[in-house]
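Here are the chains, one letter per residue:
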Amino acid sequence: MSVSGFAVQLLNGLASASSLFFVAAGLSLIFGVTRIVNFAHGSFFMVGTYLAYTLVERTAASVGYGTALLLAALGVGVLGALTEMLLLRRIYKAPELFQLLATFALVLVIKDAILWLWGPEELLGPRMPGLAGSVLVLGRQFPAYDLMLIAAGPLMLAALWWLLHRTRWGTLVRAATQDRDMVNALGVNQAWLFTAVFALGAFLAGLGGALQLPRESAHLEMDLNTLSAAFVVVVVGGMGSIPGAYLAALLIAEVKAVCIWLGVVQWAGMSLSFSKLTLVVDFVVMAVVLVWRPWGLMGRAPAPSRVVGWREMPLRGLSTWGLTVLGLVLVLLLALPFWTADSPYTTVLMIDVLIAALFAASLHFIMGPAGLHSFGHAAYFGLGAYAAALWVRHAGVSMEMALLLAPLGAALGAAVFGWFAVRLSGVYLTMLTLAFAQITWAVTFQWDGLTGGSNGLTGVWPSEMFSDKRFYYWLTMSLVTAGVLGLRRIMFSPMGYALRAARDSGLRAEAIGIDVLRLQWLAFVIAGGFAGLAGALYAFSKGSISPEVLGVGKSVDGLVMVLLGGLQTLTGPLWGALAFTSLHDVMARHTDYWRAAMGAIILLLVLLFPQGLAGAWSSWFQRGRDRSLSRTRT
């Protein structure tokens, strides 16, 4: 470990911090003004890289390399403006989570658009003329281009500070960040302000992607990888704070650089691999910062919004008609394997649908009644799956016993994570759950001796009694039905009413004697246990398990199911699970561009049914009932 090597790693960290700051600054601006958690921001970064590759290849000789990069960023800015005007402007009055669902659909569409235009291969652009070589730093060679990036970060920070503090437009942006409703009341054209901010944020993301071209090849996984890193930076720095984003980017990039420099360290007879921490160190930093300072390093508690969403319909028990429909559905599900005897695949698909329904119902339990929005619910699904697999493989217990023990392991993880999470609120709570999920994924991914590492665990098959897929289907249906009905029963219990009271007004709930934190923590544990049961059923249905079940993608799938079905209804997650799993299966089997097709359908559903499928049906049914009552009275 030399001093020169340490200095070079710190310089590498500074270069990485500048690239990350461009993306995070745009994301922070967009959220600060529009309050949209923009899932498509990583896609704008990816589009910037691919556009820069094409423009550099075709126009660099005529207009110059730097101009080509700038044109790529401007193109992404135009794409951002069109996205805001054609899509997001139509759903600003929708709940924030449905806006998130729309931007997630954009991620799917943009990914397949890039696949169609540029293909699946990685593309590495040429070096920038004049900065293609290296310079000597403390006796070591260091890329000249990275030195330019180190300088670009502070320059962009200064430019953004001037724009936001020395121009009238910047004053309006800062005012909208503090209280956008008041800015609208003062007569400012809020629509065009939002468009301009979104275009600037997309431009910054595109510029970050374009500047990354000489350092990293363009590939199809850039979007989510960059998005997660940018979210961490924004949250650690404080939502809406540009200087905070730069400080957080520096902190995280330098911590990663130090971990790489340390490598493997021998201490007390043990080998400590700090280099492996780079997979998760940013989420560890975020978790520590949020536990210590809930609003980030330079953030502040968000002002409550005066935008009123849809009125939530009161929860009602099943009517006689509803009980009849439920009984009919259960009879049809029981008979399904007999109808599909010639098509075993249908039985396998329905097992997936049932497992997804329980997973979505458990997430809805903390998102709907409890009002706790989690981006890391896959952690409990994965903990249940791995717990079941480890009980069978290493302890030699039966599948039936593993199905009883696995939810306890997931509930234990939810108890630990939830104890910290419920002390936060809003986006900060959401991102802390994501941090804990990513830490769990990293531990699972790297613990080869216990979890099998990246290869996962195989040979996790059902017991002989349930080796026939039909019998395993009936077992899954029984447990999922019991789990969903159990969650529904809790929602109509005193605990369920207390959870909704704490969600709607925490201060009033505490004033009447409700221990809000303990109640929400208990909700986390219960939801984690049911998600763990879904994970255990998944492990035995597939016969193997891998770290992907703990990844961000799995958490996003659960979120999409809940929002697609409808957050304000009890049947919403069930309809969402059926729609999402079926769409995914049909699209994946019939087209190579299934993501784009699925994203387009989700966008259409968001625009037509922003309350979700079940929410729209419930509202329509209630309006019809009210009209009938009104005609009867007259």
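Residues numbered from 1 in each chain as written. Predicted model: local features only at pLDDT ≥ 70, side-chain atom pairs only at ≥ 80, totals over all residues. Heavy atoms only, no water.

## Focus: the overall build of the chain
No. 1: In terms of helices and strands, the chain carries 24 helices and six strands.
No. 2: The proportion of buried residues among the 634 residues of the chain is 54%.
No. 3: Sequence-distant contacts, at least 24 apart, represent 79% of the contacts inside the chain between residues at least 6 apart. (Helix = DSSP H or I, 4+ residues; strand = E, 2+ residues; numbered from the N terminus. Buried < 20%, exposed > 50% of the residue type's maximum accessible area, 1.4 Å probe, protein only. Contact = heavy atoms within 4.5 Å.)

## Quick word on a nonpolar patch on the surface
No. 1: Together, Val291, Leu412, Val416, Trp419, Phe420 and Trp521 line one region of the surface with nonpolar side chains, adding up to about 540 Å² of accessible area.
No. 2: Considering every element that reaches the nonpolar patch, the biggest residue donor is helix α14 (residues 399–421), with four residues.
No. 3: Here Leu412 is to be found in helix α14. (Patch = residues over 30% accessible without salt bridge, like charges linked within 9 Å, V, L, I, M, F, W, Y side chains within 5 Å. Areas by Shrake-Rupley, 256 points an atom, 1.4 Å probe, with all protein chains shown as cover. Salt bridge = Lys/Arg side-chain N within 4 Å of Asp/Glu carboxyl O.)

## What about the packing of aromatic side chains?
No. 1: Under the criterion given, the structure shown has 17 aromatic pairs.
No. 2: When the centroid spacing of 4.7 Å and the interplanar angle of 5° are considered together, the rings of Phe417 and Phe436 count as stacked. In this pair, Phe417 sits in helix α14 while Phe436 sits in helix α15 (residues 426–446), placing the two residues 19 residues apart along the sequence.
No. 3: One aromatic cluster is present, built from ring pairs that chain together Tyr380, Phe417, Trp419, Phe420 and Phe436.
No. 4: The ring of Trp419 carries the charged tip of Arg423 above its face, separated from the ring centre by 3.8 Å.
No. 5: A cation sits over an aromatic face here: Lys554 above Tyr538, 5.4 Å from the ring centre. (Phe/Tyr/Trp six-rings, centres within 6.5 Å; stacked < 30°, edge-to-face > 60°. Lys NZ or Arg CZ within 6 Å of the ring centre and 35° of its normal.)

## Some thoughts on the side chain of His41
No. 1: Note that His41 resides in helix α2 (residues 41–63).
No. 2: Under the relative-accessibility criterion, His41 is labelled buried at 0%.
No. 3: One polar contact links the side chain of His41 to the main-chain amide nitrogen of Leu27, over a distance of 3.1 Å.
No. 4: Discounting chain neighbours no more than four positions away, the residues touching His41 are Val23, Gly26, Leu27, Ile30, Gly201, Ala202, Ala205 and Leu227. (Polar contact = N/O pair within 3.5 Å; in protein donor to acceptor, adjacent residues only side chain to side chain.)

## Remarks on helix α21 (residues 552–565)
No. 1: The end-to-end C-alpha separation of α21 is 20 Å, in line with the 20 Å expected for 14 residues at 1.5 Å each.
No. 2: Counting buried positions along α21 gives ten out of 14 residues, so the element sits mostly inside the fold.
No. 3: Where α21 is concerned, the buried positions are Ser555, Val556, Gly558, Leu559, Val560, Met561, Val562, Leu563, Leu564 and Gly565. (Expected span 1.5 Å × (residues − 1).)

## Focus: the pattern of salt bridges
No. 1: Evaluated as defined, the whole model comprises ten salt bridges.
No. 2: Between Arg215 and Asp146 there is a salt bridge; the shortest N-O distance is 2.9 Å. Note that Arg215 is positioned in the loop between α7 (190–212) and α8 (222–237) and Asp146 in helix α5 (residues 144–165), a separation of 69 residues in sequence.
No. 3: By relative accessible area, Arg215 is classed as partly exposed at 28%.
No. 4: Its relative accessible area of 7% is what places Asp146 among the buried residues.
No. 5: One salt bridge connects Arg470 with Asp468, and the closest N-O pair in it is separated by 3.2 Å.

## With respect to the packing of α21 against helix α22 (residues 572–590)
No. 1: Two numbers describe how α21 lies on α22: the axes approach to 7 Å, and their chain directions differ by 115°. As α21 runs across α22, the sense of the crossing is right-handed. On the side of α21, the interface is formed by Asp557, Val560, Met561, Val562, Leu564 and Gly565, while α22 contributes Gly572, Pro573, Gly576, Ala577, Ala579, Phe580 and Thr581.
No. 2: Across the contact of α21 with α22, the residue classes break down as eight nonpolar, four polar and one charged. (Axes fitted to C-alpha atoms, helices over the stretch in contact; angles between N-to-C directions. Left-handed = near helix turned anticlockwise from the far one by under 90°. Nonpolar A, V, L, I, M, F, W, Y, C, P; charged D, E, K, R; others polar.)

## Let's talk about the nonpolar core
No. 1: Counting residues in each nonpolar core, the largest one holds 215 residues, and the members touching the most others are Phe21, Phe39, Leu69, Met286, Phe365, Ile366 and Tyr473.
No. 2: Those residues within four positions of Met286 in sequence are excluded, and the remaining contacts are Val232, Val235, Val236, Met431 and Ala435. (Core = buried A, V, L, I, M, F, W, Y, C linked by side-chain atoms within 4.5 Å.)

## As for the confidence of the model for the chain
No. 1: Scored by pLDDT, the chain has a mean of 84; 89% of the residues are at 70 or more.
No. 2: No element of the chain has a lower mean pLDDT than strand β4 (residues 270–273), at 54, and none a higher one than helix α20 (residues 516–542), at 94.
No. 3: Taken as a whole, residues 304–311 scores under 50 in pLDDT and shows 13 contacts with residues more than four places along the chain or in a different chain. (pLDDT = per-residue confidence, 0-100.)

## Some details on the packing of α8 against α15
No. 1: Running from N to C, α8 and α15 point in directions that differ by 130°, and their axes come no closer than 11 Å. What the angle tells us is that α8 and α15 run oblique. Remark: the crossing between α8 and α15 carries left-handed chirality. The residues of α15 that touch α8, namely those facing Phe231, Val232 and Val235, are Val427, Tyr428 and Met431.
No. 2: Looking at the contact of α8 with α15 residue by residue, the classes come out as six nonpolar, no polar and no charged. (Parallel < 35°, antiparallel > 145°, perpendicular 65-115°, else oblique.)

## Overview of the environment of Ser463
No. 1: By the secondary structure assignment, Ser463 is in the loop between β5 (457–458) and α17 (469–491).
No. 2: With 65 residues separating them in the primary sequence, Ser463 and Ser398 have C-alpha atoms 7.0 Å apart.
No. 3: If near-sequence neighbours (up to four positions away) are discounted, Ser463 is found in contact with Met399 and Glu400.
No. 4: Looking at Ser463, its side chain comes within polar contact range of the side chain of Glu400, at 2.8 Å.

## Looking at the environment of Met598
No. 1: Turning to its location among the elements, Met598 is positioned in helix α23 (residues 594–608).
No. 2: According to the relative accessible area criterion, Met598 is buried, its value standing at 1%.
No. 3: For the pair Met598 and Leu108, spaced 490 residues apart in the sequence, the C-alpha separation amounts to 7.4 Å.
No. 4: Not counting the four nearest positions on each side in its chain, Met598 is found in contact with Phe580, Leu583, His584 and Met587.

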